[in-house]
Amino acid sequence: MDARLRAPADGLYEVGRRPPFGAYLKEAWRRRSFAFTLAGYRLIGGLLQNRLGILWIVLKPVLTAIIYGTIFGLILSHSARPADFVPYVLTGVFVFEFFTGCLSGGSRAITGNARLVQSLGFPRILLPVSVVIEQAMRMVPTTVLLGILLLVFGVPISWSWLLVIPILALMAVFNFGVALIVARMSVWTRDVQQFIPTVNRVLFYASSVFFQVDLVFADNPVMLTIAHSIPTYDFIALVRGVMLVDHPTPMLAAILAPVWAVLAIVVGVVYFWRAEARYGLSE
């Protein structure tokens, strides 16, 4: 057969074939507009299904902070609760929402687009990309609201708040790597999606969203080191460090956050790409 007939049309390739790694990434970058378009339509489509629409983007983290903040505010002793408890909780909840949205959406990135995956040969990595883009879009009004709420509760505004942008960008890289991993794992077995809420809940409590880990483990350096090494805690700590003057970022968290981001993206991209040929055939 003529090589020209075997060549992919307009960069598309046969379903069930894994292209070379370099060519795969190049094609994904060339078609990045598809991921942005898909993310935008999915965001708008999801909001239009609710009467409150876009308000749910900011209502969800606010309600979560109110409910859990009230419960833990009553349960926790003053020794484990920071003096600025409300700003502390708000910051933790709002930042963690970014991670949990990417993790949950990533687990459904391939399985939730079965017809698209089966019918067209395109870089499937664009589907997890669109998930992270969608969650990043949600973070824009959420982050603005967070700043407003912190001002309401007496947190002084500072130029350091601008550092939240690169911190969240770094977190997006980490979230993308995690989304790629769970996306492939969910294709292998749908049971992974059943574990996602449990994983989210465990990390939610382990990431020091409601309690001050430095106070709780002040006498246990081993547990404190472990707590400071949890990826989601590290990114939350970075945001708190630039927005809340009384909560400087632990040195270990500042070091590990970019390490987690690089490790997640490298492992995630390679791990996801290696199964590219099986996605359209696994549904």
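Preceding block: the structure.
Scoring rules and cut-offs
- Residues numbered from 1 in each chain as written.
- Predicted model: local features only at pLDDT ≥ 70, side-chain atom pairs only at ≥ 80, totals over all residues.
- Heavy atoms only, no water.
- Helix = DSSP H or I, 4+ residues; strand = E, 2+ residues; numbered from the N terminus.
- Buried < 20%, exposed > 50% of the residue type's maximum accessible area, 1.4 Å probe, protein only.
- Contact = heavy atoms within 4.5 Å.
- Areas by Shrake-Rupley, 256 points an atom, 1.4 Å probe, with all protein chains shown as cover.
- Lys, Arg positive; Asp, Glu negative; His and termini not counted.
- Salt bridge = Lys/Arg side-chain N within 4 Å of Asp/Glu carboxyl O.
- Phe/Tyr/Trp six-rings, centres within 6.5 Å; stacked < 30°, edge-to-face > 60°.
- Lys NZ or Arg CZ within 6 Å of the ring centre and 35° of its normal.
- Polar contact = N/O pair within 3.5 Å; in protein donor to acceptor, adjacent residues only side chain to side chain.
- Patch = residues over 30% accessible without salt bridge, like charges linked within 9 Å, V, L, I, M, F, W, Y side chains within 5 Å.
- Axes fitted to C-alpha atoms, helices over the stretch in contact; angles between N-to-C directions.
- Parallel < 35°, antiparallel > 145°, perpendicular 65-115°, else oblique.
- Nonpolar A, V, L, I, M, F, W, Y, C, P; charged D, E, K, R; others polar.
- Core = buried A, V, L, I, M, F, W, Y, C linked by side-chain atoms within 4.5 Å.

Draft legend 1. Layout of the overall build of the protein chain. Of the regular secondary structure elements, the protein chain holds 14 helices and zero strands. Counting from the amino terminus, helix and strand elements in the protein chain follow one another as α-α-α-α-α-α-α-α-α-α-α-α-α-α. Residue burial in the protein chain is summarised as follows: out of 283 residues, 49% are buried. Sequence-distant contacts in the protein chain: of pairs separated by 6 or more residues, those separated by 24 or more amount to 80%. Surface accessibility of the protein chain: about 14,500 Å² in total, with carbon and sulfur atoms responsible for 69%.

Draft legend 2. Looking closely at the side chain of Asp84. Secondary-structure assignment places Asp84 in the loop between helix 4 (55-75) and helix 5 (85-107). For the buried Asp84, no salt bridge exists, and the shortest N-O distance to an oppositely charged side chain is 7.9 Å, to Arg240.

Draft legend 3. Expanded view of the packing of aromatic side chains. Overall, the coordinates contain nine aromatic pairs when judged by the stated rule. A centroid spacing of 5.5 Å and a plane angle of 65° characterise the contact between Phe34 and Phe122, whose relative ring orientation is edge-to-face. One end of the pair, Phe34, is in helix 3 (residues 32-48); the other, Phe122, is in the loop between helix 6 (114-119) and helix 7 (126-152), with 88 residues separating them in the sequence. Phe34 gets classed as partly exposed once you look at its relative accessible area, which sits at 30%. By relative accessible area, which is 4% here, Phe122 ends up buried. Through pairs of rings, three or more aromatic residues link up here, namely Phe96, Phe99, Phe174, Phe204, Tyr205, Phe210 and Phe235. The ring of Phe122 carries Arg124 above its face, with NZ or CZ at 5.9 Å from the centroid. Between the NZ or CZ atom of Arg240 and the centre of the ring of Tyr88, over which it lies, the distance is 3.5 Å.

Draft legend 4. Quick peek at the environment of Arg31. Topologically, Arg31 is positioned in the loop between helix 2 (21-30) and helix 3. For Arg31 and Phe122, which are 91 residues apart along the polypeptide, the C-alpha to C-alpha distance reads 8.8 Å. For Arg31, the side chain forms a polar contact with the side chain of Glu27, separated by 2.4 Å.

Draft legend 5. How the structure looks around the environment of Pro166. Locating Pro166 in the fold gives a position in helix 8 (residues 164-188). Residues Pro166 and Val239, 73 residues apart in the sequence, show an inter-C-alpha distance of 10.0 Å.

Draft legend 6. Representation of a nonpolar patch on the surface within the structure. Together, Val86, Val140, Val144, Ile148, Val152 and Phe153 give the surface a local cluster of nonpolar side chains, amounting to about 550 Å² of exposed area. Residue contributions to the nonpolar patch peak at four residues, all from helix 7. If you trace the backbone, Val144 turns up in helix 7.

Draft legend 7. Summary view of the packing of helix 5 against helix 7. Remark: helix 5 packs on helix 7, axes separated minimally by 10 Å, with the N-to-C direction vectors making an angle of 170°. Judged on the interaxial angle alone, helix 7 and helix 5 are roughly antiparallel. Mapping the contact onto sequence places Pro87, Leu90, Thr91, Phe94, Phe98, Gly101, Cys102, Gly105 and Gly106 in helix 5 and Val131, Val132, Gln135, Ala136, Met139, Thr142, Leu145, Leu146, Leu149 and Leu150 in helix 7. Classifying every residue of the contact of helix 5 with helix 7 gives 13 nonpolar, six polar and no charged.

Draft legend 8. The nonpolar core, seen in detail. Residues Val93, Phe94, Ile110, Ile125, Met243 and Phe272 are the most contacted members of the largest nonpolar core, which totals 69 residues. A total of 13 residues in this core trace back to one element, the largest contributor, which is helix 8. The next biggest cluster of nonpolar side chains, apart from the first, holds eight residues, and it includes Phe211, Ala227, Ile230 and Ala253.

Draft legend 9. Geometry of unusual backbone geometry. Of note, Ser208 is a non-glycine position whose phi angle comes to about 60°, a positive value. As for its position among the elements, Ser208 is in the loop between helix 9 (191-206) and helix 10 (213-216). Taking the relative accessible area as the measure of exposure, Ser208 reaches 0% and is therefore buried.

Draft legend 10. Local environment of the pattern of salt bridges. Using the criterion set out here, one finds four salt bridges in the structure. One salt bridge connects Arg124 with Glu276, and the closest N-O pair in it is separated by 3.0 Å. Of this pair, Arg124 sits in the loop between helix 6 and helix 7 while Glu276 sits in helix 14 (residues 276-282), placing them 152 residues apart in sequence. Salt bridges sharing partners connect three or more residues here, namely Glu27, Arg30 and Arg31.

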